[in-house]
Amino acid sequence: MMKRKADIRKGFRRFGRQIELQALALAGVAYLLVFSILPMFGIIIAFKAYKLTSGVQGIFSSEWIGLKYFTEFFTDYRFTELLRNTIALSTLKMVFAFPIPILLAILISECRSRPFKRLIQTASYLPNFVSWVLVYGISNALLAQNSGAINQLLVKLGILEKGIPFLTDPGRFWGTAVVLSVWKSSGWWAIIFLAAISGIDSTLYEAASIDGAGRLRRIWHITLPGIKGSIVTVLILSIGSFLGGGMVGSNFEQSFLMGNTVNNATSEIIQTYAFKMGMAQGRFSYATAVDLVQSLISIVLVIISNRVAKKISGEGLF
Amino acid sequence: MKRKFSEDMAVDLVVYILLGLVGIVTLYPFYYTIVCSFNDGLDLMKGGVYLWPRKFTLGNYKLFLEDGDWRHAFLVSLARTLVGTAMRVGFTSMFSYALSRNNLMFKKGYRFLVVFTMYFSGGLIPFYVLLRNLGLLNSFWVYVIPGMVDAFFVMTGINFFAAIPESMIEAAKIDGAREIKVLTRVVLPVSKPFLATLALFSAVGQWNSWLDSAYYVRDAKLHTLAYKMMTVINQNIATANTEAAGQLSQANTQTSFTVQATAMAVSMLPIMCVYPFLQKYFVQGMMIGAVKE
């Protein structure tokens, strides 16, 4: 007992000596508590009849209503559609946005002209740094059914009779969204794989070459196994954000910008629906419940990816 | 021997063709935007402009600059980029410096909090409720305060600062320097790559940001360039649709698309300007993160 008291006193003294350092740390901690942790408590309004006008106190004082909003969401006539769109977009992005950067990295690494290689690599990640709004504007300028430059060219050349409604046809939204995501982020993700390729021992290539292996076989037997580690890492990391669009992480912004009344049946996802319910219609409790459904699935996915990471590399993400 | 030679050539050929395509597909959309911004609006509507302006004009830029709304949106974006970047760099580096010191008490708990917030959040609506109650809605500060601490960069900063020799810090302390002085005089000057990466990431993020304008700001005077661009694109699509139905005269929108293209070109400009630096530091910064992972 006495020893413990002495320990506590010692602790206080130590704390006092580093009070300046603690002040810097606690400022950041306080910030995180307010802006990150406090909103997590706000999640309980999904189980309550919350009115925005009741303020922060209202979060705690408003009436509990249990799972009412969850049942309402699960029985909403749009539920299956929203779930389907969210999962379809995420899956398609995973399937295409994942291998293409690897392919691009291999192409760039196989290029023998240094200036050309540099030019293409530098150009390839430019789209990553512009906003989705800009991509939205550009896609309209190029792909709109009547005024889009690409459609106009195809019609003029006689390849098409009428422009293809890439942006308004519900049947084409997923395809357009995935292509734009790939366009925007492939060059950026290729950087990581290129770095991995440059780390491969070059004597391996020489040895294989002497043994008579052609370039394709060298790519297959040396390059790909050499970057297996990076591929697995990136794959694991993208599991947690799967429902947000994975490594290209653009589901919300894309559906928000490119979704319109015509393609709504395929463009509306859980997050944009939650946004509309909450911000546009003022149904805050319901919107929180909808959002929470996606968050819960995501948390499960993060935990899975952490487990997988631990198993493979012996070190978890957190 | 002959077979290997031809495979080599074939691979080269495929590589050059595919990379050439990648280059064109990546750069042409940007180039086309710039071409549109320099072309006369009415002329552009006739179609057929692909490679260079057919009827060259600076009129779109003149219209853009003369329009008070566009100018204002540009200034809002510029202001948030400067203020937001300064605040994030300052606060994030301060926080990660404190957390990087080995003797800091409760270090583990603090770090856990940071990592925890990296993976979990309360979601949009509770955050909105919070901002509303803090009185941050409809104010300029909603652009810069919520992004002051970036958990990912706090972790990166901890790794970076922890590699600074303890003796440098101790020496400054023996000379009687306070922590904040140790940070600004000793630690930060040797952490330029970290600061540059953080500043560039923040600046690009701030400049491109538009969602917070959509979420938290009603006042049109606070709308950013990217947000204003979005509303104008939507307007133009809507008018194009009604025009197609023959309800409106074309003269109405003869220039609105080219002015939109001008705004898009203007919004690309700062990114292009910092691109050489981006290349140097972003790649480095991404690697700092990647190695840790």
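All residue numbers here refer to positions counted from 1 along the written sequence of the relevant chain. Each chain takes a letter, starting from A, and each ligand takes a number, starting from 1, following the order in which they are written. Where local features are concerned, this predicted model is filtered to residues with pLDDT of at least 70; where side-chain atom pairs are given and counted, the filter is 80 or more; whole-chain, interface and lining totals use all residues. Side-chain measures were taken over the full set of non-hydrogen atoms in the model, leaving aside hydrogen atoms and water.

1. Examining the interface of chain A and chain B
- Taken residue by residue, the interface counts 92 residues in chain A and 95 residues in chain B.
- When two parts are put together, the accessible area they lose, computed with a 1.4 Å probe and summed over both, is reported as buried area. When the two sides are added together, the surface that chain A and chain B hide from each other amounts to roughly 8400 Å², 77% of it contributed by carbon and sulfur.
- When the area that chain A buries against chain B is broken down by residue, the three leading residues are Leu21, Leu24 and Phe129 of chain A, summing to 8%.
- Whenever a carboxyl oxygen of Asp or Glu lies within 4 Å of a side-chain nitrogen of Lys or Arg, that contact is scored as a salt bridge. At the junction of chain A and chain B, the tally comes to 5 salt bridges.
- A salt bridge links Arg112 of chain A to Asp12 of chain B, with the nearest nitrogen and oxygen atoms 3.2 Å apart.
- By the criterion applied in these results, polar contacts are pairs of N or O atoms within 3.5 Å in which, for protein atoms, one can donate a hydrogen and the other can accept it, and in which residues neighboring in sequence qualify only through two side-chain atoms. Our count for the contact surface shared by chain A and chain B stands at 27 residue pairs in polar contact (both at pLDDT 80 or more).
- Helix and strand definitions follow DSSP, with helices as H or I runs of at least four residues and strands as E runs of at least two, each counted in order from the N terminus. At 19 residues, the largest contribution of residues to the side of chain A that touches chain B is made by helix 2 (residues 19-41) of chain A.
- Only Asp, Glu, Lys and Arg are considered charged in this grouping, and only Ala, Val, Leu, Ile, Met, Phe, Trp, Tyr, Cys and Pro are considered nonpolar; every other residue, Gly among them, is considered polar. Across the side of chain A that touches chain B, the residue classes break down as 61 nonpolar, 21 polar and 10 charged. Every residue pair with non-hydrogen atoms within 4.5 Å of one another is taken to be in contact.

2. Side note on unusual backbone geometry
Residues and elements named next belong to chain B.
- Its identity is not glycine, yet Phe106 carries a phi of approximately 60 degrees, on the positive side.
- Structurally, Phe106 is set in the loop between helix 4 (68-100) and helix 5 (107-119).
- Exposure classes here rest on a 1.4 Å probe applied to the protein chains alone. A residue is buried below 20% of its type maximum, exposed above 50%, and partly exposed in between. Here Phe106 falls in the partly exposed class, since its relative accessible area comes to 49%.
- At Asn138, a residue that is not glycine, the phi angle is positive and equals roughly 60 degrees.
- With respect to the element layout, Asn138 can be found in the loop between helix 6 (124-133) and helix 7 (141-144).

3. A closer look at a nonpolar patch on the surface
- A patch is a set of surface residues, each over 30% in relative accessible area and not in a salt bridge, joined within 9 Å for like charges and within 5 Å for the nonpolar side chains Val, Leu, Ile, Met, Phe, Trp and Tyr. Computed with a 1.4 Å probe, the accessible areas rest on the Shrake-Rupley method; for each residue, only the protein chains presented here act as cover. Taken together, the side chains of Val34, Leu38, Phe41 and Phe60 of chain A together with Leu134 of chain B define a hydrophobic patch exposed on the protein surface, amounting to about 450 Å² of accessible area.
- Considering each element in turn, the nonpolar patch owes the most residues, 3 residues, to helix 2 of chain A.
- Take Val34 of chain A: it is sitting in helix 2.
- Overall, Val34 of chain A belongs to the partly exposed group, its relative accessible area being 31%.

4. Description of the nonpolar core
- For this analysis, a nonpolar core means a set of buried residues of the types Ala, Val, Leu, Ile, Met, Phe, Trp, Tyr and Cys, connected via side-chain atoms within 4.5 Å. Judged by nonpolar contacts, the single largest core of 170 residues is most densely connected at Phe73 of chain A together with Tyr97, Leu99 and Tyr216 of chain B.
- Looking at which element gives the most residues to this core, the answer is helix 10 (residues 173-198) of chain A, with 13 residues.
- If we ignore the near neighbours within four places in the chain, the residues touching Tyr216 of chain B are Leu124, Phe127, Tyr128, Leu131, Leu137, Asn138 and Val142 of chain B.

5. Topic: the packing of helix 5 of chain B against helix 8 (residues 151-162) of chain B
Residues and elements named next belong to chain B.
- Relative to each other, helix 5 and helix 8 sit at 140 degrees, their axes nearing to 8 Å. By the angle class used here, helix 5 and helix 8 are oblique. Considering only the axes of helix 5 and helix 8, their crossing is left-handed. Facing Arg111, Val114, Val115, Thr117 and Met118 of helix 5, the residues of helix 8 in contact are Ala151, Phe152, Val154, Met155 and Ile158. Fitted lines through C-alpha atoms serve as axes, helices being fitted only where they are in contact, and the angles separating the N-to-C directions of these axes extend from 0 to 180 degrees. Angle categories: roughly parallel below 35 degrees, roughly antiparallel above 145, roughly perpendicular from 65 to 115, and oblique for all the rest. Crossing handedness is read from the near helix: turned anticlockwise from the far helix by less than a right angle, it gives a left-handed crossing, and turned clockwise, a right-handed one.

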